[in-house]
Amino acid sequence: MNTPALPSSAHAPSERAAALRALLDYHAHRYHTLDAPEIPDAEYDRLFCELQAIEAAHPSLRTPDSITQRVGGQVLAGFAPVRHQVPMLSIGTETDTSANGARAFDARVRRALGLSDADPQLEYVTELKFDGLAISLRYENGVLVQAGTRGDGEVGEDVTNNIRTIGQIPLRLPADAPALLEVRGEVYLRRDAFEALNDRQRAKIAAGAKGEKTFVNPRNAAAGAVRQLDSSVTAQRPLSFFAYGVAQIAPAPALQTHFALLQQLKSWGFAVAEQTALARGADELVAFYQRIGAARWQLPFDIDGVVYKVNALALQQRLGFVTREPRWALAHKYPAQEQLSTVLAIDVQVGRTGKLTPVARLAPVFVGGVTVTNATLHNEDEARRKDVRVGDTVIVRRAGDVIPEVVAVLPEQRTPGAAAFRMPSQCPVCASAVLREAGEVEHRCSGGLYCPAQRKQAMLHYAQRRAVEVEGLGEKLVDQLVDAGLVNTLPDLYRLGLNALARLDRMADKSAQNIVAALEKSKQTTLPRFLFGLGIRHVGEASAKDLARHFGRLDRIMNASVEQLLQVKDIGPVLAHSIRSFFDQPHNREVVEQLRACGVHWDEQEPTSAPERPLLGKTFVLTGSLPSLSRQQAKDMLEAAGAKVAASVSKKTDYVLAGEAAGGKLEQAHALGVAVLDEAGLRALLAQTG
Ligand code: IVH
């Protein structure tokens, strides 16, 4: 079935409503029944709200079969139907992401209860809005007898066998549980489980497996797993479950509030999210919304909002329902993490090691709290698997601070004749041949340092803070320097004079002086920083430190055989070969020699053996500012002595190195009885043990 067409809004409301209904029915079917949504939720919500608004303005257009009068999908052939004795309803959704959403809800509830401003504030339960799949669990005499999906709210699908595979769902309740209990909640997939699942799927696809696909997001993966006809497939997906309500309970317990009910569920063995809390009045609803919004990406699972529920069950009963939505609850959404955009172009970028990366240039779209204009397509295989083409309408996802990605294309909206993406056979920057080594997914420009793109990246890598650090030498300046032909190799940087710099476009005298000073300052460095800064493939900061510690001097590293390199802790064959072949290239040795000739220097040491690493095996945590050492210097010193520097204090921490304005970490150290040192103490410790 093709996506139904949506006439422009200039048409009569009746036509527009009919077209919206057809379109919403189509997408609801794809979402609920096929687990293959074509558009992001935010887009669906927009269409849904538009239809709701038309129907509110023209009640005669509200047909009984309108999707606004239903709650969900359809029963998939293959599962037995389950008739819900208590319908599974949805809750009203507030998409205004400001505090107003919560305040308006509180005001509506108060009005419905006939409360005035003089009356006390209402109590609510604030919950997370889990982004999974609603499930109803029926227990008779303490035994799970049936698990049903929501379906259309009245009739769902019997997925009992699949649900039984979920470890977090009790199959049997404790003896004090009631004879009949129907629990409502959400089945979901944790984000790490989702990533692992997609990794596995990608591996299967790469191995040529047919009919396998990756999942757009954790919710689709969870829904797909619950609605598997083969429950052994479900069992391989580590699903989780949170309970958030009760549909039936008999004999009824003497509980007065929703919160007490949730506590009771917990005591019967159901998982209830620990963030579930009580809130009094609109201010506390707003505070919860904001607090959870800020912590949203630290949660191990996806949520798309929070839910407010009136706590007192008697008040819930008085409030009742309007058009099949409870008046006592509200889902307050966060800004969507998926949106539609169009692909304006697919560019190919060349990285430091010559790696070619296709990047989709997108029409600007606000998603996950930022405006996104680019999304990496990783490599050719990935771009072709997703089949992203110029002009395509795509779903863009940005979850937390994860880099934005194109998760899927809407093939129905493709411009006829759009060509599939192909990696160019020549480097887009230097026209050298592009190569793909057997067994690798990456394409590489073969131009090496002949390629200006690689040269630029090599300089930025060298100049970054974690490497040799040349303050102020950023992307713009490097572009200018390379494009103007002033700098071709790393040593050229040190040969730049003030005059050459000051002649560059938009370069003030002062900035030129600063760059010269920064270059001068960078000459005094350390061996690990220098090694890392050379940009040897696979040599990261940690391996650079290991190498420096082991060999002590650069010439020993440059001349080490693969066998000798393999002696270094944590250096494996890939790294050892990469280091050897880097220094086998005469031009790389030349670069090193010239850099030293330009004055780049560091303290060379004798190779360290065990007794010279007095703090081996000790874990330190740094906090506050030290009188004479910078944080980096203290870290370098500790690591050179063999210690590990960790980010947070735990029972495993040996010492906390604390300076001025030390905060919570110091308190934690005291609480856990961890030894605390100041800078003088550290020096004394090193002197004593060294
Ligand atoms: S309460 C009558 N609480 O959001 C009230 N629903 O439209 C029934 N959801 O698909 C729902 N987290 O599965 C409730 N803490 C929560 C929820 C929640 C997620 C889902 C629910 C349904 C939709 C509500």
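Summarised in this report is the structure supplied together with it. (Residues numbered from 1 in each chain as written. Predicted model: local features only at pLDDT ≥ 70, side-chain atom pairs only at ≥ 80, totals over all residues. Heavy atoms only, no water.)

**Re the sheet that holds strand β13 (residues 329-333)**
Read across the open sheet, the 5 strands follow the order β2-β13-β10-β3-β9; overall the sheet is mixed. Only two strands of the sheet have a single neighbouring strand rather than two, namely β2 (93-94) and β9 (277-280). With 2 bridges connecting them, β2 and β13 associate as parallel partners. Counted as the bridge partner of T93 is A331 from β13. The sheet strands contacting helix α8 (residues 258-267) are β3 (123-130), β9 and β10 (303-310), and the helix crosses β3 at an angle near 50 degrees. The sheet strands contacting helix α9 (residues 281-295) are β3, β9, β10 and β13, and the helix crosses β9 at an angle near 135 degrees. (Pairing = 2+ DSSP bridges. Helix = DSSP H or I, 4+ residues; strand = E, 2+ residues; numbered from the N terminus. Contact = heavy atoms within 4.5 Å. Axes fitted to C-alpha atoms, helices over the stretch in contact; angles between N-to-C directions.)

**Notes on the site of the ligand**
Close to the ligand lie 14 residues; I91, E127, L128, E186 and Y244 are nearest. One of the backbone nitrogen or oxygen atoms of L128 is found 2.9 Å away from a nitrogen atom of the ligand. Contacts to the ligand include F130, whose backbone N or O atom sits 3.1 Å from a nitrogen atom. Here the ligand has 520 Å² of accessible area as a free molecule, and 87% of this is covered by the chains. Every element with two or more residues in the shell around the ligand is listed here: β3 and β10. For the shell around the ligand, the element with the most residues is β3, which contributes 4 residues. In terms of residue class, the shell around the ligand is made up of 8 nonpolar, 1 polar and 5 charged. (Near = heavy atom within 4 Å. Polar contact = N/O pair within 3.5 Å; in protein donor to acceptor, adjacent residues only side chain to side chain. Areas by Shrake-Rupley, 256 points an atom, 1.4 Å probe, with all protein chains shown as cover. Nonpolar A, V, L, I, M, F, W, Y, C, P; charged D, E, K, R; others polar.)

**Quick word on the side chain of K333**
Among the secondary structure elements, K333 is positioned in strand β13. At 3.0 Å, the side chain of K333 and the side chain of D45 are in polar contact.

**Section: helix α16 (residues 509-522)**
For α16, with 14 residues, the first-to-last C-alpha span of 20 Å sits near the 20 Å given by 1.5 Å per residue. Residues A512, I515, A518, L519 and S522 constitute the buried set of α16. What you see down the axis of α16 is that its buried residues fit within an arc of 125 degrees, all on one side. Exposed and oriented more than 90 degrees from the buried face of α16 are D509, K510 and K521. Residues of α16 that are buried sit in contact with α13 (475-483), α14 (490-495) and α15 (498-502). (Expected span 1.5 Å × (residues − 1). Buried < 20%, exposed > 50% of the residue type's maximum accessible area, 1.4 Å probe, protein only. Arc of directions from axis to C-beta.)

**Concerning unusual backbone geometry**
A cis amide bond links A250 to the next residue, P251, at an omega of -5 degrees. Structurally, P251 is set in the loop between β8 (239-250) and α8. Unusually for a residue other than glycine, N141 sits at a positive phi of about 50 degrees. Tracing the backbone shows N141 in the loop between β4 (133-140) and β5 (143-149). On the accessibility criterion, N141 (63% relative accessible area) is exposed. Notably, D570 is not glycine yet its phi reads approximately 70 degrees, a positive angle. For D570, the position within the fold is in the loop between α20 (562-566) and α21 (573-584).

**Observations regarding the packing of aromatic side chains**
This structure, assessed with the given rule, holds 15 aromatic pairs. Considering the side-chain rings of Y44 and F48, the 6.2 Å spacing of their centres and the 25 degrees angle between planes classify their relative orientation as stacked. Of this pair, Y44 and F48 both sit in helix α2 (residues 41-57), 4 residues apart, which is roughly one turn of the helix. Like Y44, the residue F48 is buried in the burial classification. Ring centres of F582 and F583 lie 5.1 Å apart, and the angle between their planes is 85 degrees; on these two criteria the pair is classed as edge-to-face. Summarising the burial analysis for this pair, F582 and F583 share the class buried. Three or more aromatic residues link up through ring pairs in this structure, and these residues are F130, Y188, F242 and F301. (Phe/Tyr/Trp six-rings, centres within 6.5 Å; stacked < 30°, edge-to-face > 60°.)

**Section: the packing of helix α12 (residues 452-463) against α13**
For any two helices packed against each other, one specifies the inter-axial angle together with the distance between the axes. Put simply, α12 and α13 touch, their axes get as near as 10 Å, and they point 135 degrees apart. Here α12 is positioned oblique relative to α13, judged by the angle of their axes. Relative to α13, α12 is oriented so that their crossing is right-handed. Of the residues in α13, those in contact with P452, R455, K456, M459 and L460 of α12 are E475, V478, D479, V482 and D483. (Parallel < 35°, antiparallel > 145°, perpendicular 65-115°, else oblique. Left-handed = near helix turned anticlockwise from the far one by under 90°.)

**Examining the pairing of strand β18 (residues 405-409)**
Of all 5 residues making up β18, 4 are buried, and the element is well covered by its neighbours. Bridge count between strand β17 (residues 393-397) and β18: 4 bridges; the pairing is antiparallel. Among the inter-strand pairings, V394 is bridged to a residue of β18, identified as V409.

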